[in-house]
Each structure stands twice: as C-alpha cells, then as structure tokens.
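As a plain string of letters, each chain reads:
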Amino acid sequence: MIKLDNPLLDDPINDDSEGEQVEEMEITGVLKTGKVTEAAVKTANHINNIAKLKERLQAIQQTLPWIETLDVTVDLKVPTQELKDIASDNFKQEMLFYKQCSVGAQQGILRLQEMGFPTARPEDFFAEMVKSDEHMKRVKQKLVSKQLVLERTEKVTKSRKMKKLGKKVQHEVLKQRQQDKKQVMDTVKKLRKGMTDQEDIDNFEINEEEEKQRPLSIKEMNRKRKAKESKYGFGGKKKYAKTNTAESYKDISSFSSRIHSKPKKSAKNEKRMAGKPQRPGKNRRAQMKSNKGKKK
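For every chain, the first residue of its written sequence is number 1, and the numbers climb from 1 along that sequence. In keeping with the predicted nature of the model, local features appear solely for residues at pLDDT of at least 70, side-chain atom pairs appear and are counted solely at 80 or more, and the whole-chain, interface and lining totals rest on all residues. Neither water nor hydrogens contribute to the side-chain values; these are computed over all heavy atoms in the structure.

Asker: I would appreciate a short explanation of the overall build of the protein chain in the present structure.
Answerer: Counting its secondary structure elements, the protein chain contains 13 helices and 0 strands. Start at the N end of the protein chain and walk to the C end: the helices and strands fall as α-α-α-α-α-α-α-α-α-α-α-α-α. Per-residue accessibility, obtained with a 1.4 Å probe over protein chains only, is compared with the maximum for each type, and a residue is labelled buried under 20%, exposed over 50%, and partly exposed between these values. Each of the 296 residues in the protein chain was classed as buried or not, and the buried ones make up 4%. Note on contacts: a residue pair is in contact if any heavy atoms of the two residues lie within 4.5 Å. In the protein chain, once contacts between residues fewer than 6 apart in sequence are set aside, the share between residues at least 24 apart is 42%. In short, Shrake-Rupley with a 1.4 Å probe defines the accessible areas, and a residue's cover is counted only from the protein chains shown. Accessible area of the protein chain: about 30,200 Å², with a carbon and sulfur share of 54%. The secondary structure listing takes helices from DSSP runs of H or I that are at least 4 residues long and strands from runs of E that are at least 2 residues long, numbered from the N terminus.

Next comes the structure, spelled out in structure tokens:
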C-alpha cells in the first residue's frame, strides 16, 4: 500500500484493490472500454456536489500575504449587450483582455508603492549573465560575419548598378556625339549648297570659334606626337628647303677664311694633293705598248 500526503485525497490509495475493482467493472459491463461518444456524455449522470467542492477548496486554499501571491481582481463592468458582441469577435476579446491586464498592472504597482516596495530596477543594478562570455563572444563573431557578408553583397550589387549606369552614360555620350557630328555635316552641306539661313551660319561660326579657342588638355596631347613635332617641325613644304635664295646668297656672315679658303701652295701640299698619278687611257696604253715592242 502507498500512502500519499495529498490534501485532495483523504483516503489512501490501494493499487491492488483498485485494479481488482476495475476488472470486476469491466466483466460486469459497468465500465465499458473504447471511445467516448457524444450520446454517452449527454446521457451520463453528472453530480454537482457543491458541499464536497467547497470542502476541497478549503483543503487547497492557503492564507498567504498579498506580497506572496500578487493577485489582483479587476472588474471592468462591461454591459451585457456589449459582452454578447465581444463573444463573437476575437479582436474585441483581445482588446478586453488587454484593458483588463493593463488596469490590473496599474493597481498592483500602486499597491506595491503604498507598501514601500520598489517597482523599478535601480541604475546600478548588476545581474550576472545567464550565458558565459565565451558563448557571447561566439555570438558576436557570428553577427559580425553576417554583417560583413551583407556589406560585401551590398558592395557587389552597388558596383554592378554603377557599371550598368556607366555603360548607359557612355552610350548616351556616343549617341550625342553622333548626333552633333551629323548636325555639323548637314550644316556644312547646306552651306555648300547655299540653302542655310543666316542664323544657322552664325551659330555654326560661333561653335567653330569656340572649338578652336578651347585649349587642349594634358590627356589630349599625345606625347609621341609632341616629341616628333619638336624634332621634325609642324609639317609644311620640305622640298628645296636647303636651296639658296637671294637673301641667303648675299648673306656672308657665316663665311670664314680659315675654314672656307684654299690651302697655300707648297711642295708638301702639292704632293699630298697630287696623290697617285692618273692612269692613262686605253688608246694611250696600246700606243705605249707598241712603242715598247719597236724598241726591242
């Protein structure tokens, strides 16, 4: 036999006897096994023993101070007609529960303040964390990694958008250049045919002057072209560039007697200037050969 200290049960429980009673009830048909049907529930004999219920309530009821239970009873005094409407509307039911809880919380806080109990946490309150520092460190690392991934994806998407925008802008610029070029060519054709108005001519001349006056930037200047221009000049006529003119013929400022005059005659200079004797011609050599034969 097992004896339980339960205020709800006055009599001790005998497992063996209870099991035997259940078996006897099943054999005799008093207790039927299986599912409970709605008809069986309706035909069941319900006993409302008020005296026994009050007795059990007094057994479990405890007389404790209010600070231990903190129970608050709120009566909102809702009209009967409104209660009927609330019974069929879930939203109104939730609002009624919310109002009841709010009023109960306010009453409880006021009662605690009257009793001298603090209702707010002090500023210097220190509570030990439930999770360890290592665990929070891992959580922080995970959050940081997620943030980095988000920033990286945002950066990639932004760069893609900028790339698309750049291509679009470039396409628009090229299109505008083609339109300007076409407009200029049409204006030139009209000028040649004499079909343009005076206003178009003035606008064309103004645009042409602005383009001429616009200075070239450093990027527009080609280094290779600049070097070649400094070495060879800026184009123009190259043929007969070194021939004399009337002015250069009369100009003797660059003449020097030491450089341009002939050397003085002397035996050494004549010998040096003479060099090897000139070879005789073919007829002369044949004549010289015949003369040698006659002497022999």
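Asker: I keep staring at a negative patch on the surface and nothing clicks. Help me out?
Answerer: Note on patches: the residues involved have over 30% relative accessible area and no salt bridge, like charges join within 9 Å, and the nonpolar side chains Val, Leu, Ile, Met, Phe, Trp and Tyr join within 5 Å. Note on definitions: salt bridges are taken to be side-chain nitrogens of Lys or Arg within 4 Å of carboxyl oxygens of Asp or Glu. Lys and Arg are tallied as positive, Asp and Glu as negative. Neither His nor the chain termini are counted. To locate a charge, take NZ of a lysine, CZ of an arginine, CG of an aspartate or CD of a glutamate. A grouping of Glu20, Glu23, Glu24 and Glu26 is seen on the molecular surface, where their side chains present a negatively charged patch. On the secondary structure map, Glu23 appears in helix H1 (residues 15–28).

Asker: Is there a simple way to think about the packing of aromatic side chains in this case?
Answerer: Any pair of aromatic rings gets described here by the distance separating the centres and the angle formed by the planes. Only Phe, Tyr and Trp rings are paired, with Trp represented by its six-membered ring, and only when their centres lie within 6.5 Å; those with planes under 30 degrees apart are stacked, over 60 edge-to-face, the remainder tilted. One pass over the full model with this rule turns up 0 aromatic pairs. Criterion for a charge above a ring: Arg CZ or Lys NZ at most 6 Å from the ring centre, at most 35 degrees from the ring normal. One cation-aromatic arrangement involves Arg111 over Trp66; the distance from NZ or CZ to the ring centre is 4.3 Å.

Asker: Hey, could you run me through the packing of helix H5 (residues 80–87) against helix H6 (residues 90–115) in this one?
Answerer: If you want to describe how two helices pack, look at the angle between their axes and the distance between the axes. One way to put it is that H5 packs onto H6 with a least axis distance of 7 Å and a crossing angle of 120°. Judged on the interaxial angle alone, H6 and H5 are oblique. Judged by residue contacts, Asp85, Ile86 and Ala87 of H5 engage Lys92, Gln93 and Leu96 from H6. A class-by-class count of the residues in the contact of H5 with H6 yields 3 nonpolar, 1 polar and 2 charged. Here an angle of 0 to 180 degrees is reported between the N-to-C directions of two axes, which are lines fitted to C-alpha atoms, with helices fitted over the stretch in contact. Put simply, angles under 35 degrees are roughly parallel, angles over 145 are roughly antiparallel, angles from 65 to 115 are roughly perpendicular, and the rest are oblique. Residues are grouped as follows: Ala, Val, Leu, Ile, Met, Phe, Trp, Tyr, Cys and Pro are nonpolar; Asp, Glu, Lys and Arg are charged; all remaining types, including Gly, are polar.

Asker: Explanation requested: a nonpolar patch on the surface in the structure shown.
Answerer: A cluster of nonpolar side chains, contributed by Met129, Met136, Val139 and Leu143, occupies part of the molecular surface with about 350 Å² of accessible area. Note on placement: Met136 falls in helix H7 (residues 133–193). Its relative accessible area of 33% is what places Met136 among the partly exposed residues.

Asker: Is there a simple way to think about unusual backbone geometry in this case?
Answerer: Excluding glycine, a negative phi dihedral is what most residues carry, and trans is how most peptide bonds are arranged. Here the phi dihedral of Leu70 falls at roughly 55°; this positive angle occurs in a residue that is not glycine. Take Leu70: it is sitting in the loop between helix H4 (66–69) and H5.

Asker: It is not clear to me how the confidence of the model for the protein chain should be interpreted in this structure. Could you clarify?
Answerer: Do not read the fine detail of predicted coordinates wherever pLDDT is low. A residue's pLDDT is the predictor's confidence in that residue, given on a scale from 0 to 100. Residues with a pLDDT of 70 or more make up 70% of the protein chain, whose mean pLDDT is 76. Per-element mean pLDDT across the protein chain ranges from 55 in helix H8 (residues 198–213) up to 91 in H6. Contacts for the low-pLDDT stretch residues 1–14, under 50 throughout, to residues beyond four places or in other chains number 14 contacts.

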